[in-house]
Amino acid sequence: MTRRKEARDPTAVAPPPGLRESQSLAAAPLARGPLVRWRGWDHPSRIRDRALALGMEPLADDELLELLLLYSLPRVEARALARRLLQRFGTLGDVLAAEAGQLADFDLEPRTVVHFKAMRDAARRLAGRAVRDRPVLTNWQQLIDYCHVALAHELTEQFRILFLDRKNVLIADERQQRGTIDHTPVYPREVIKRALVLNAAALILVHNHPSGDPRPSRDDIEMTREIKAAAETLGIALHDHLVIGRSGHASFRGLGLL
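First, a word on what this report is: a plain description of the structure on this page. (Residues numbered from 1 in each chain as written. Predicted model: local features only at pLDDT ≥ 70, side-chain atom pairs only at ≥ 80, totals over all residues. Heavy atoms only, no water.)

## Some words on the pairing of strand β3 (residues 202-208)
In terms of residue burial, β3 counts as a mostly covered element, since 7 of its 7 residues are buried. Across the two faces of β3 the burial is the same, with Ala202, Ile204, Val206 and Asn208 and Leu203, Leu205 and His207 all buried. Inspection of the sheet shows strand β1 (residues 158-164) paired to β3 by 6 bridges, in the antiparallel sense. In the sheet register, Phe159 faces β3, and the bridge partner there is His207. Read from β3 through helix α9 (residues 218-232) to strand β4 (residues 237-244), the crossover connection turns out right-handed. (Buried < 20%, exposed > 50% of the residue type's maximum accessible area, 1.4 Å probe, protein only. Helix = DSSP H or I, 4+ residues; strand = E, 2+ residues; numbered from the N terminus. Pairing = 2+ DSSP bridges. Right-handed = clockwise from strand over helix to strand, strands pointing away.)

## Thoughts on unusual backbone geometry
With a phi close to 55°, Asp107 is a non-glycine residue in the positive phi region. On the secondary structure map, Asp107 appears in the loop between α5 (100-103) and α6 (110-129). The class for Asp107 is partly exposed, based on a relative accessible area of 44%. One non-glycine residue, Asn199, lies in positive phi territory at about 55°. Here Asn199 shows up in the loop between α8 (188-197) and β3.

## Observations concerning the packing of aromatic side chains
Tallying each qualifying case throughout the model produces 1 aromatic pair. With centroids separated by 6.1 Å and ring planes inclined at 40°, the aromatic side chains of Phe89 and Phe106 adopt a geometry described as tilted. On the criterion of sequence distance, the pair formed by Phe89 in helix α3 (residues 78-89) and Phe106 in the loop between α5 and α6 is long-range, its members being 17 residues apart. Here Phe89 and Phe106 have matching classes, each one buried. (Phe/Tyr/Trp six-rings, centres within 6.5 Å; stacked < 30°, edge-to-face > 60°.)

## Observations regarding α3
For α3, with 12 residues, the first-to-last C-alpha span of 16 Å sits near the 16 Å given by 1.5 Å per residue. Buried residues dominate α3, accounting for 10 of its 12 residues. Regarding α3, the residues found buried are Ala78, Arg79, Ala80, Leu81, Ala82, Arg83, Arg84, Leu85, Leu86 and Phe89. Remark: Gly90 follows α3 within two positions and exhibits a positive phi of approximately 105°. (Expected span 1.5 Å × (residues − 1).)

## Some details on the nonpolar core
Membership of the largest hydrophobic core comes to 24 residues, with the highest contact counts inside it found for Leu65, Leu69, Leu85, Leu103, Leu108 and Phe116. Only α1 (45-54), α2 (61-70), α3, α4 (92-97) and α6 provide two or more residues apiece to this core. It is α3 that contributes the most residues to this core, 6 residues altogether. Apart from residues no more than four positions distant in its own chain, Phe116 is found in contact with Leu65, Leu69, Leu85, Val95, Leu96, Leu103 and Leu108. Residues Ala150, Ala152, Val206 and Ile244 belong to the second largest nonpolar core, which totals 18 residues. (Core = buried A, V, L, I, M, F, W, Y, C linked by side-chain atoms within 4.5 Å. Contact = heavy atoms within 4.5 Å.)

See the structure below:
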(Lines give C-alpha, C1' and ligand atoms only; values in the text may rest on other atoms or scores of the structure.)
Protein backbone atom coordinates (compact mmCIF):
# COMPACT_ATOMS: atom_id res chain seq x y z
CA MET A 1 0.00 0.00 0.00
CA THR A 2 1.54 3.25 -1.10
CA ARG A 3 1.23 6.41 0.97
CA ARG A 4 -0.06 9.49 -0.85
CA LYS A 5 2.14 12.54 -0.64
CA GLU A 6 0.55 15.45 1.15
CA ALA A 7 0.07 18.51 -1.08
CA ARG A 8 2.32 21.35 0.04
CA ASP A 9 0.92 24.82 0.52
CA PRO A 10 3.05 27.16 -1.62
CA THR A 11 2.63 29.93 0.97
CA ALA A 12 3.85 27.78 3.85
CA VAL A 13 7.41 28.21 5.04
CA ALA A 14 9.86 25.59 6.20
CA PRO A 15 11.47 25.78 9.63
CA PRO A 16 14.64 27.84 9.83
CA PRO A 17 17.90 25.90 9.40
CA GLY A 18 18.80 23.99 12.56
CA LEU A 19 15.29 24.23 14.04
CA ARG A 20 13.60 20.86 14.45
CA GLU A 21 9.97 20.53 13.51
CA SER A 22 9.01 19.98 17.17
CA GLN A 23 10.62 23.23 18.33
CA SER A 24 8.91 26.59 18.67
CA LEU A 25 10.01 29.84 17.09
CA ALA A 26 11.31 31.35 20.34
CA ALA A 27 14.87 31.47 19.03
CA ALA A 28 14.05 31.96 15.35
CA PRO A 29 14.56 35.32 13.60
CA LEU A 30 11.47 37.46 13.15
CA ALA A 31 9.46 37.04 9.99
CA ARG A 32 9.42 40.09 7.74
CA GLY A 33 7.09 41.25 5.03
CA PRO A 34 3.75 39.60 4.21
CA LEU A 35 2.07 37.24 6.63
CA VAL A 36 3.11 33.59 6.26
CA ARG A 37 1.12 30.45 6.89
CA TRP A 38 2.04 27.93 9.54
CA ARG A 39 3.01 24.36 8.91
CA GLY A 40 3.41 21.41 11.28
CA TRP A 41 6.57 22.77 12.95
CA ASP A 42 4.58 25.40 14.90
CA HIS A 43 1.04 24.05 14.89
CA PRO A 44 -1.53 26.24 16.71
CA SER A 45 -2.64 23.28 18.85
CA ARG A 46 0.64 23.71 20.78
CA ILE A 47 -0.36 26.98 22.47
CA ARG A 48 -4.02 25.98 22.80
CA ASP A 49 -3.08 22.74 24.55
CA ARG A 50 -0.78 24.63 26.92
CA ALA A 51 -3.50 27.14 27.77
CA LEU A 52 -5.98 24.34 28.50
CA ALA A 53 -3.48 22.44 30.64
CA LEU A 54 -1.98 25.33 32.62
CA GLY A 55 -4.50 28.15 32.34
CA MET A 56 -3.80 31.67 31.06
CA GLU A 57 -1.74 33.05 33.92
CA PRO A 58 1.55 31.22 33.09
CA LEU A 59 1.46 32.44 29.48
CA ALA A 60 3.92 35.19 28.54
CA ASP A 61 2.56 38.23 26.70
CA ASP A 62 3.71 36.94 23.31
CA GLU A 63 2.02 33.59 23.93
CA LEU A 64 -1.26 35.21 25.00
CA LEU A 65 -1.17 37.50 21.95
CA GLU A 66 -0.41 34.47 19.76
CA LEU A 67 -3.49 32.76 21.17
CA LEU A 68 -5.65 35.79 20.36
CA LEU A 69 -4.29 35.97 16.83
CA LEU A 70 -5.10 32.31 16.15
CA TYR A 71 -8.83 33.01 16.37
CA SER A 72 -8.82 35.83 13.84
CA LEU A 73 -5.96 34.61 11.61
CA PRO A 74 -6.19 30.82 11.96
CA ARG A 75 -3.83 29.96 9.07
CA VAL A 76 -1.10 32.47 9.88
CA GLU A 77 2.08 31.67 11.81
CA ALA A 78 0.95 33.63 14.84
CA ARG A 79 4.00 33.30 17.11
CA ALA A 80 6.34 35.37 14.96
CA LEU A 81 3.58 37.91 14.26
CA ALA A 82 2.90 38.29 17.99
CA ARG A 83 6.59 38.94 18.63
CA ARG A 84 6.74 41.52 15.85
CA LEU A 85 3.73 43.36 17.24
CA LEU A 86 5.21 43.44 20.75
CA GLN A 87 8.55 44.67 19.41
CA ARG A 88 6.75 47.49 17.60
CA PHE A 89 4.31 48.60 20.33
CA GLY A 90 6.04 47.51 23.53
CA THR A 91 3.30 45.89 25.63
CA LEU A 92 0.22 43.77 25.14
CA GLY A 93 -1.97 46.68 26.23
CA ASP A 94 -0.38 48.93 23.61
CA VAL A 95 -0.98 46.33 20.89
CA LEU A 96 -4.68 46.06 21.78
CA ALA A 97 -4.98 49.87 21.92
CA ALA A 98 -3.23 50.48 18.58
CA GLU A 99 -5.18 52.26 15.86
CA ALA A 100 -6.11 50.53 12.61
CA GLY A 101 -3.64 52.71 10.69
CA GLN A 102 -0.77 51.60 12.93
CA LEU A 103 -1.69 47.95 12.52
CA ALA A 104 -1.84 48.31 8.72
CA ASP A 105 1.93 47.82 8.57
CA PHE A 106 1.36 44.21 9.65
CA ASP A 107 -1.22 43.38 6.96
CA LEU A 108 -3.81 42.52 9.59
CA GLU A 109 -7.36 41.97 8.42
CA PRO A 110 -10.20 44.19 9.72
CA ARG A 111 -11.57 41.29 11.77
CA THR A 112 -8.31 41.16 13.73
CA VAL A 113 -8.47 44.89 14.49
CA VAL A 114 -12.08 44.47 15.66
CA HIS A 115 -11.00 41.46 17.75
CA PHE A 116 -8.34 43.57 19.48
CA LYS A 117 -10.81 46.37 20.21
CA ALA A 118 -13.38 43.91 21.55
CA MET A 119 -10.83 42.29 23.87
CA ARG A 120 -9.75 45.65 25.24
CA ASP A 121 -13.29 46.83 25.85
CA ALA A 122 -14.17 43.52 27.51
CA ALA A 123 -11.27 44.04 29.94
CA ARG A 124 -12.46 47.60 30.66
CA ARG A 125 -16.02 46.47 31.35
CA LEU A 126 -14.92 43.66 33.64
CA ALA A 127 -12.70 46.03 35.62
CA GLY A 128 -15.59 48.50 35.82
CA ARG A 129 -17.86 45.94 37.46
CA ALA A 130 -15.54 45.87 40.47
CA VAL A 131 -16.27 49.54 41.28
CA ARG A 132 -19.81 50.07 40.07
CA ASP A 133 -22.63 50.44 42.62
CA ARG A 134 -20.35 50.25 45.64
CA PRO A 135 -18.46 52.79 47.80
CA VAL A 136 -15.29 53.60 45.88
CA LEU A 137 -13.35 55.01 48.84
CA THR A 138 -13.33 51.59 50.49
CA ASN A 139 -12.50 49.86 47.18
CA TRP A 140 -9.69 52.19 46.19
CA GLN A 141 -7.34 49.66 44.60
CA GLN A 142 -10.14 48.33 42.40
CA LEU A 143 -10.79 51.91 41.30
CA ILE A 144 -7.12 52.41 40.42
CA ASP A 145 -7.10 49.12 38.49
CA TYR A 146 -10.19 50.18 36.54
CA CYS A 147 -8.75 53.59 35.67
CA HIS A 148 -5.53 51.97 34.52
CA VAL A 149 -7.34 49.48 32.26
CA ALA A 150 -9.52 52.26 30.82
CA LEU A 151 -6.87 54.93 30.23
CA ALA A 152 -3.25 53.79 30.57
CA HIS A 153 -2.82 52.86 26.89
CA GLU A 154 -4.88 55.60 25.27
CA LEU A 155 -2.95 57.46 22.58
CA THR A 156 -4.54 60.84 23.36
CA GLU A 157 -5.50 62.53 26.61
CA GLN A 158 -8.95 61.82 28.01
CA PHE A 159 -10.61 63.59 30.93
CA ARG A 160 -13.14 61.51 32.85
CA ILE A 161 -15.26 62.30 35.89
CA LEU A 162 -16.51 59.79 38.43
CA PHE A 163 -19.73 61.07 40.02
CA LEU A 164 -20.52 59.78 43.52
CA ASP A 165 -23.61 59.95 45.71
CA ARG A 166 -23.70 60.87 49.42
CA LYS A 167 -22.49 57.37 50.36
CA ASN A 168 -19.59 57.67 47.88
CA VAL A 169 -21.15 55.04 45.63
CA LEU A 170 -20.28 55.47 41.95
CA ILE A 171 -23.38 56.61 40.08
CA ALA A 172 -21.77 57.62 36.76
CA ASP A 173 -18.43 57.47 34.96
CA GLU A 174 -18.36 59.87 32.03
CA ARG A 175 -15.77 61.07 29.57
CA GLN A 176 -16.01 64.84 29.44
CA GLN A 177 -13.31 65.60 26.89
CA ARG A 178 -10.88 63.93 24.50
CA GLY A 179 -7.81 66.01 23.66
CA THR A 180 -4.49 65.72 21.88
CA ILE A 181 -1.41 63.76 22.85
CA ASP A 182 -0.55 66.21 25.64
CA HIS A 183 -3.58 68.46 26.28
CA THR A 184 -7.28 68.17 27.08
CA PRO A 185 -9.50 71.26 27.37
CA VAL A 186 -11.60 71.14 30.55
CA TYR A 187 -14.31 73.65 31.50
CA PRO A 188 -15.08 73.76 35.26
CA ARG A 189 -18.55 75.20 34.64
CA GLU A 190 -19.51 72.18 32.52
CA VAL A 191 -18.15 69.78 35.15
CA ILE A 192 -20.28 71.35 37.91
CA LYS A 193 -23.33 71.61 35.65
CA ARG A 194 -23.18 67.88 34.97
CA ALA A 195 -22.70 67.10 38.67
CA LEU A 196 -25.90 69.02 39.48
CA VAL A 197 -27.86 67.17 36.79
CA LEU A 198 -26.77 63.83 38.27
CA ASN A 199 -27.36 65.05 41.84
CA ALA A 200 -23.78 64.07 42.68
CA ALA A 201 -22.43 64.78 46.14
CA ALA A 202 -18.76 64.20 45.29
CA LEU A 203 -16.38 63.90 42.35
CA ILE A 204 -13.18 62.10 41.42
CA LEU A 205 -11.38 63.52 38.40
CA VAL A 206 -9.32 61.19 36.22
CA HIS A 207 -7.19 61.80 33.17
CA ASN A 208 -4.28 60.10 31.45
CA HIS A 209 -0.85 61.16 30.24
CA PRO A 210 -0.05 59.34 26.97
CA SER A 211 3.63 60.16 27.54
CA GLY A 212 3.53 57.57 30.33
CA ASP A 213 4.65 59.98 33.06
CA PRO A 214 1.80 60.50 35.57
CA ARG A 215 3.28 63.55 37.29
CA PRO A 216 0.73 66.41 37.26
CA SER A 217 1.53 69.37 35.06
CA ARG A 218 1.10 73.00 36.11
CA ASP A 219 -2.05 73.19 33.98
CA ASP A 220 -3.40 70.06 35.70
CA ILE A 221 -2.90 71.67 39.11
CA GLU A 222 -4.51 74.97 38.15
CA MET A 223 -7.51 73.32 36.49
CA THR A 224 -8.06 71.11 39.55
CA ARG A 225 -8.05 74.12 41.87
CA GLU A 226 -10.67 75.85 39.72
CA ILE A 227 -12.96 72.80 39.74
CA LYS A 228 -12.49 72.35 43.50
CA ALA A 229 -13.39 76.00 44.20
CA ALA A 230 -16.48 75.85 41.97
CA ALA A 231 -17.62 72.55 43.52
CA GLU A 232 -17.22 73.75 47.11
CA THR A 233 -19.52 76.72 46.57
CA LEU A 234 -22.33 74.23 45.85
CA GLY A 235 -21.43 71.75 48.59
CA ILE A 236 -19.90 69.19 46.22
CA ALA A 237 -16.73 67.48 47.47
CA LEU A 238 -13.70 66.78 45.26
CA HIS A 239 -12.15 63.62 46.68
CA ASP A 240 -9.18 63.30 44.34
CA HIS A 241 -7.73 63.83 40.91
CA LEU A 242 -5.94 60.79 39.48
CA VAL A 243 -3.41 61.03 36.66
CA ILE A 244 -2.89 57.69 34.93
CA GLY A 245 0.42 56.77 33.27
CA ARG A 246 1.62 53.62 31.53
CA SER A 247 2.89 51.85 34.64
CA GLY A 248 1.58 53.91 37.53
CA HIS A 249 -0.56 56.80 38.68
CA ALA A 250 -0.40 60.03 40.65
CA SER A 251 -2.96 61.09 43.26
CA PHE A 252 -3.45 64.80 43.93
CA ARG A 253 -4.56 64.02 47.48
CA GLY A 254 -1.59 61.74 48.01
CA LEU A 255 0.74 64.46 46.75
CA GLY A 256 -0.81 67.07 49.04
CA LEU A 257 -2.29 69.04 46.13
CA LEU A 258 -5.87 68.83 47.43
